[in-house]
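As a plain string of letters, each chain reads:
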Amino acid sequence: MTKADLEKVFQTARQLLNRSWAVEAEQLVRTAIAMHPGTPELQDLLGECLLRQGRWMDSLAVLMDGVRAFPEDQGLKLRLGQFLAGEGLHTAMEVFRQVEESHGSDPLVLLEIAMTLADLGDPAEAERYATRALEVDEDYYDAWIELAHIRIDAGDWRGAVQPIRRAIDLGGARADLWVDLAAAYLHLGFYGEAEKALD
């Protein structure tokens, strides 16, 4: 399938969705994915087709599979965020619980539950799920960052140091992580360490 063919698929699928023919759009996109599986934009579009049909669980599963397959694709992450914002945190939490039952200990599912629980104001449960994600995949960069943020938001600056340092080790010198680390050291009274973190 050429780039021109893909553009035609996107255009036709959009036209079908605009006419509320989401089932037909889904069939078209699934055919395109079978022919061209390495295209994250098709995964994103399939998630939208399913959501337009009210198939929340199927849409969420497609988007999460897409994020797993294409972890660097920002479009899929944005679509997942839009799903959560559009359906509401409590609804998203119910859906994630169902996905957890069907997918077991999938670190991406566990992390999404942790992030949703944090947004719902339940830091203890959020930390438990972030920790579970890391038990499954100890090199899960995003989970280390989320664990650090959960602890920072809960005022546990001492507990935040280790996940921040682990994220730095895994993901390189992101400026915001060094700032978080410096803030943690300042709260703990380690002024020399805070200064080193900002050098």
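None of these values were measured; they are calculated from a predicted model. (Residues numbered from 1 in each chain as written. Predicted model: local features only at pLDDT ≥ 70, side-chain atom pairs only at ≥ 80, totals over all residues. Heavy atoms only, no water.)

## Looking at the overall build of the protein
Then comes step 1: When helices and strands are tallied, the protein shows 12 helices and zero strands.
Then comes step 2: In sequence order, the secondary structure elements of the protein are arranged as α-α-α-α-α-α-α-α-α-α-α-α.
Then comes step 3: Once local pairs closer than 6 in sequence are excluded, the contacts in the protein between residues at least 24 apart make up 48%. (Helix = DSSP H or I, 4+ residues; strand = E, 2+ residues; numbered from the N terminus. Contact = heavy atoms within 4.5 Å.)

## Here we look at the pattern of salt bridges
Then comes step 1: This model, assessed by the stated rule, comprises 11 salt bridges.
Then comes step 2: Notably, a salt bridge pairs Glu48 with Arg14, separated by 2.7 Å at the nearest N-O pair. Of this pair, Glu48 sits in helix H3 (residues 40-52) while Arg14 sits in helix H1 (residues 3-18), placing them 34 residues apart in sequence.
Then comes step 3: Residue classification places Arg14 among the partly exposed residues on the basis of a relative accessible area of 36%.
Then comes step 4: Each of the salt bridges in this network shares a partner with another, and the network as a whole consists of Glu26, Arg30, Arg55 and Asp58. (Salt bridge = Lys/Arg side-chain N within 4 Å of Asp/Glu carboxyl O. Buried < 20%, exposed > 50% of the residue type's maximum accessible area, 1.4 Å probe, protein only.)

## As for helix H7 (residues 107-119)
Then comes step 1: Across its 13 residues, H7 extends 18 Å between first and last C-alpha, which sits within 8% of the 18 Å expected from 1.5 Å per residue.
Then comes step 2: In terms of burial, H7 is largely enclosed, as 10 of its 13 residues are buried.
Then comes step 3: When H7 is considered as a whole, its buried residues turn out to be Pro107, Leu108, Val109, Leu110, Leu111, Glu112, Ile113, Ala114, Thr116 and Leu117.
Then comes step 4: Structurally, the start of H7 carries an N-cap: the backbone nitrogen of Leu108 is 2.9 Å from a side-chain oxygen of Asp106. (Expected span 1.5 Å × (residues − 1). Polar contact = N/O pair within 3.5 Å; in protein donor to acceptor, adjacent residues only side chain to side chain.)

## Description of H1
Then comes step 1: With 16 residues, H1 should cover 22 Å at 1.5 Å per step; its first-to-last C-alpha distance of 23 Å lies within 8% of that length.
Then comes step 2: Here H1 has its buried residues at Leu6, Val9, Ala13, Leu16 and Leu17. Angularly, the buried residues of H1 cover 95 degrees about the axis, an arc narrow enough to put them on a single face. Within H1, the exposed residues directed more than 90 degrees away from the buried face are Lys3, Ala4, Lys8 and Asn18.
Then comes step 3: Buried residues in H1 make contact with helix H2 (22-35) and H3.
Then comes step 4: The positive-phi residue at the C-terminal boundary of H1 is Ser20, with phi of around 65 degrees. (Arc of directions from axis to C-beta.)

## Things to note about unusual backbone geometry
In terms of backbone geometry, most residues other than glycine have negative phi values and most peptide bonds are trans.
Then comes step 1: Even without being a glycine, Ser20 presents a positive backbone phi close to 65 degrees.
Then comes step 2: Along the chain, the position of Ser20 falls in the loop between H1 and H2.

## Considering the packing of H1 against H3
Then comes step 1: Here H1 crosses H3 at 15 degrees, and the two axes come no closer than 12 Å. For the element pair H1 / H3, the angle class is roughly parallel. The way H1 lies across H3 gives a crossing that is left-handed. On H3, the residues touching Leu6, Val9, Phe10, Ala13, Arg14 and Leu17 of H1 are Glu41, Leu42, Leu45, Glu48, Cys49 and Arg52. (Axes fitted to C-alpha atoms, helices over the stretch in contact; angles between N-to-C directions. Parallel < 35°, antiparallel > 145°, perpendicular 65-115°, else oblique. Left-handed = near helix turned anticlockwise from the far one by under 90°.)

## Describing the environment of Phe83
Then comes step 1: If you trace the backbone, Phe83 turns up in helix H5 (residues 74-87).
Then comes step 2: Spatially, the C-alpha atoms of Phe83 and Leu63 are 9.3 Å apart, while their sequence positions differ by 20 residues.
Then comes step 3: Each residue touching Phe83, except ones within four places of it in the same chain, is listed here: Leu51, Trp56, Ser59, Leu60 and Leu63.

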